[in-house]
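One-letter residues, chain by chain:
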Amino acid sequence: MRLIIVESPTKARTLSRFLGDKFQIEASMGHLRDLPRKKLGVDVEHNFEPEYVIDKKKQATVTKLKTAAKAAEAVILATDPDREGEAIAFHLQYILKNGAKFQRIVFHEITKGAIDAALQNPGEVDLKLFDSQQARRILDRLVGYKLSPLLWRKVRRGLSAGRVQSVAVRLVVEREQAIKAFMPLEYWEIKVELSKDGVNFLVQLIKNPATKAESQTIVNDLEAANYQVLKVDQKTLNRHAYPPLITSTMQRLAGNRLGWSAKKTMTMAQHLYENGLITYHRTDSVNLAQEAIASVRQYIGKTYGQDYLPDQPNFYKAKSKNVQGAHEAIRPTNISADAAELGKSEQRLYQLIWQRFVASQMSPAVFQKTVVQVQAKAVKEYVLKAEAEKLEFDGWMKVTDGFKLTEVNLPPLMAGDKPQLIKVLPEQKFTQPPARYTEASLIKELEKRGIGRPSTYAPILSTIQDRYYVEKVEQKLHPTAIGETVTMFLLKHFAEVMDYDFTAKMEDDLDQIALGKLKSQELLKSFYLPFDKKLIQVTEKAERAKIATESTGEKCPDCDEGEIVIRLGRFGKFLSCSRFPECKYTAKYKDVVEGVLCPQDGAEVVVKKTRRGKSFYGCGNYPNCKWASWKKP
């Protein structure tokens, strides 16, 4: 008997469908051995040696695996094909080392072919990958366990800091500051409705006037002008398909299309992977296996016809500098399979993955683009423009449901044509502030800056919301008062730790450790020595930071001297006296939605939180009225 160890029972059940009685398959239920929870667990004086412990809750699993390992002729470590999986395999080998013969197998999809191939080519635990994961774990532990007590002293008890999470919060805080500092500028958009051969169409002034007075002068001119077509440019455009999904684009697509959090997306992807429906979902590679390309090309030709099949397969280039070429993009393991046996959420995500994979190997969509320039002659001469796109061949867009085209039609026009004026349409507009981040756009920004890696985006976003540094309102990320205070304190005193380029370089250095080009101790030492020195200075000299409060304008009912303010606690907003700690008055805070009444009993609508911290709207009259909604009414 050979023992195969994977991380989860679902993965174990899927493997058991392909393997016979000669294998016993067990699940480790994730990590069995980790740094201790209640102390640093890193010996900074002796080469940053970690102190690993086995969680008490995992003792029964350890005993079970030890018993199985003793009876096995070989122990096959089949954990996930990434640094985290390599770390789990390393610790399993350490725990079960007495007398057992170990093999490490790696596969990127849970199919019979992939498992058989992996079993025929076993290897050993990749110590460089493990070393990289361990270095990340120690770095995060040093920052978290050293900075958090400082925040307790200088900001408020119960706060915590994270090496990458704090940088992510900085992005949200700085975006909010840019929105608050934004000064809108007025401009006028002027369109002119013209007619040719009974067909009306719009042209737009190329240069927008900045004021109403300037706009009115132009409008008067345009109303008295003669119009003539200057030129008509027509060209055929090919719009190529997007690459197959990787972790970041999957999270962004599910966020934009389905409104999902990164955490939910990764949970559903985990279910799909462990049930053998998709390839491994933590990847930054856009590569596709040759067998997968051959299979999907056969499917495209048979299902949609040869026009939809390019002469050669489409290949894509990864944007990440240190992408692991051995990995694949996220794709279905079988083009004909579906997720009907799983839940609706898994089916919706599988549909996105399937569509993106099939589309990535299809012919480009073909458009005819027309650009018309029209001259208006009056007191002055003006140039106006119209653009139109007409779809001639849908190509890869045939299999997607996210590209609904709104075609703009123009009448047949030639240079020298003189269309008739119908009316001039001036519209006042203002420049808009930068948009707040959504989870999807924040992941895009983190990826662009090289901060974090495929396996870290979802935990980063969950952590900054769980710690209440950032809150999600109508899918937009807003910094809380705590998030802003902690960010400004860390920026002031630990500028390098909060620096975007420094954080990105740290990720690159961790990649270099995985490639065997850098020693982990060198990285840890170069980071920790100046960091520890700075910690001592800030602890001794930095002033305590105050968390901003929001006044309600009401007097405190207890002391009659202070006023009631809105504060942020570990469990959200609450009301308190401004004279705290002299006055201990507190009360629950109602986040009332202004101008909105309950559709059932007409009471005020308030924002509430689920046990997991997700916002929803409910009647302020609860429990007498139980109306509730996820969407703002």
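Residues numbered from 1 in each chain as written. Predicted model: local features only at pLDDT ≥ 70, side-chain atom pairs only at ≥ 80, totals over all residues. Heavy atoms only, no water.

> Go over the sheet that holds strand β14 (residues 420-430) with me, naming the residues and quoting the values.
Strand order in the open sheet formed by 6 strands is β11-β12-β13-β10-β9-β14, and the pairing between neighbours is antiparallel. Edge positions in the sheet fall to β11 (226-239) and β14, since each has one partner strand and no second. Looking at each pair of strands side by side, their axes are set apart by 30 degrees on average, direction ignored. Along the sheet, helix α7 (residues 212-223) contacts β9 (186-196), β10 (199-205), β11, β12 (365-377), β13 (381-393) and β14; its crossing angle with β9, the most-contacted strand, is approximately 10 degrees. (Pairing = 2+ DSSP bridges. Helix = DSSP H or I, 4+ residues; strand = E, 2+ residues; numbered from the N terminus. Axes fitted to C-alpha atoms, helices over the stretch in contact; angles between N-to-C directions. Contact = heavy atoms within 4.5 Å.)

> How would you explain the packing of helix α9 (residues 262-274) against helix α11 (residues 344-360) if you had to name every residue and give the values?
Direction vectors running N to C along α9 and α11 enclose 85 degrees, while the axes themselves pass 9 Å from each other. Between α9 and α11, the interaxial angle falls into the category roughly perpendicular. On α11, the residues that touch Lys264, Thr265, Met268, Ala269, His271 and Leu272 of α9 are Ser345, Glu346, Leu349, Tyr350 and Ile353. Tallied by class, residues from the contact of α9 with α11 come to 6 nonpolar, 3 polar and 2 charged. (Parallel < 35°, antiparallel > 145°, perpendicular 65-115°, else oblique. Nonpolar A, V, L, I, M, F, W, Y, C, P; charged D, E, K, R; others polar.)

> I'd like a description of the packing of aromatic side chains, backed by residues and values.
Counted under the stated rule, the structure contains 13 aromatic pairs. Taken together, a centroid distance of 5.8 Å and an interplanar angle of 85 degrees make the contact between Phe48 and Tyr528 edge-to-face. With Phe48 in the loop between β4 (42-43) and β5 (49-50) and Tyr528 in helix α16 (residues 520-541), this pair connects stretches of sequence that are 480 residues apart. Like Phe48, the residue Tyr528 is buried in the burial classification. Members of the aromatic cluster, joined through ring pairs, are Phe48, Phe494, Phe502, Phe527, Tyr528 and Phe531. Directly above the aromatic system of Tyr500 lies the positively charged group of Arg170, at a separation of 4.1 Å from the ring centroid. (Phe/Tyr/Trp six-rings, centres within 6.5 Å; stacked < 30°, edge-to-face > 60°. Buried < 20%, exposed > 50% of the residue type's maximum accessible area, 1.4 Å probe, protein only. Lys NZ or Arg CZ within 6 Å of the ring centre and 35° of its normal.)

> Would you mind going over the pairing of β9 in detail, with residue names and values included?
When you tally the buried positions in β9, you get 8 out of 11 residues, the bulk of the element. In this structure, β9 lies alongside β14, joined through 10 bridges in antiparallel fashion. Of the residues in β14, the one forming a bridge with Leu194 is Leu421. For β9 and β10, the ladder comprises 6 bridges, and the chain directions are antiparallel. Each residue of the ladder has a partner; that of Glu193, found in β10, is Leu202. Connecting the antiparallel pair β9 and β10 is a turn made up of 2 residues, with Asp197 showing a positive phi of about 55 degrees.

> Lay out the nonpolar core in plain terms, naming residues and giving numbers.
Generally speaking, a soluble globular protein has its nonpolar side chains buried in company with each other. Ile4 and Phe107 are the most contacted members of the largest nonpolar core, which totals 119 residues. For this core, the element with the highest residue contribution is helix α5 (residues 127-154), accounting for 9 residues. Contacts of Phe107, omitting those with residues within four sequence positions, involve Lys11, Leu15, Ala78, Pro81, Ala114, Ile115, Ala118 and Tyr273. One finds Ile218, Ala225, Tyr227 and Ala386 within the second-largest nonpolar core, a separate group that totals 20 residues. (Core = buried A, V, L, I, M, F, W, Y, C linked by side-chain atoms within 4.5 Å.)

> A description of helix α13 (residues 457-466) should follow, citing residues and the corresponding values.
In terms of residue burial, α13 counts as a mostly covered element, since 8 of its 10 residues are buried. Regarding α13, the residues found buried are Tyr457, Ala458, Ile460, Leu461, Ser462, Thr463, Ile464 and Gln465. In this structure, the buried side of α13 is in contact with α6 (165-181), α8 (247-258), α9, α12 (439-449), β15 (470-473) and β16 (476-479). Count one or two residues on from α13 and you reach Tyr468, which has phi positive near 65 degrees.

> Describe the environment of Arg252, naming the residues involved and giving the relevant values.
Inspection of the secondary structure assignment puts Arg252 in helix α8. The class for Arg252 is buried, based on a relative accessible area of 19%. When the C-alpha atoms of Arg252 and Glu496 are compared, they prove to be 29 Å apart, with 244 residues separating the residues in sequence. Among residues more than four places away in sequence, those in contact with Arg252 are Ala440, Ile443, Lys444 and Glu447.

> Give me the environment of Leu349: which residues, what numbers.
Following the sequence through the fold, Leu349 ends up in helix α11. Residues Leu349 and Met250, spaced 99 residues apart in sequence, show a C-alpha to C-alpha distance of 8.7 Å. Other than its neighbours up to four places away in sequence, Leu349 contacts Met250, Ala254, Trp260, Thr265, Met268, Ala269 and Leu272.

> I'd love a proper account of the sheet that holds strand β7 (residues 74-77), names of residues and values included.
The parallel open sheet is built from 4 strands, whose spatial order is β2-β1-β7-β8. In this open sheet, the two strands that pair with only one neighbour each are β2 (23-27) and β8 (102-104). On average, adjacent strands in this sheet sit at an angle of 25 degrees to one another, irrespective of strand direction. Both strand β1 (residues 2-6) and β7 contribute to a ladder of 4 bridges, which runs parallel. Of the residues in β7, the one forming a bridge with Arg2 is Ala74.

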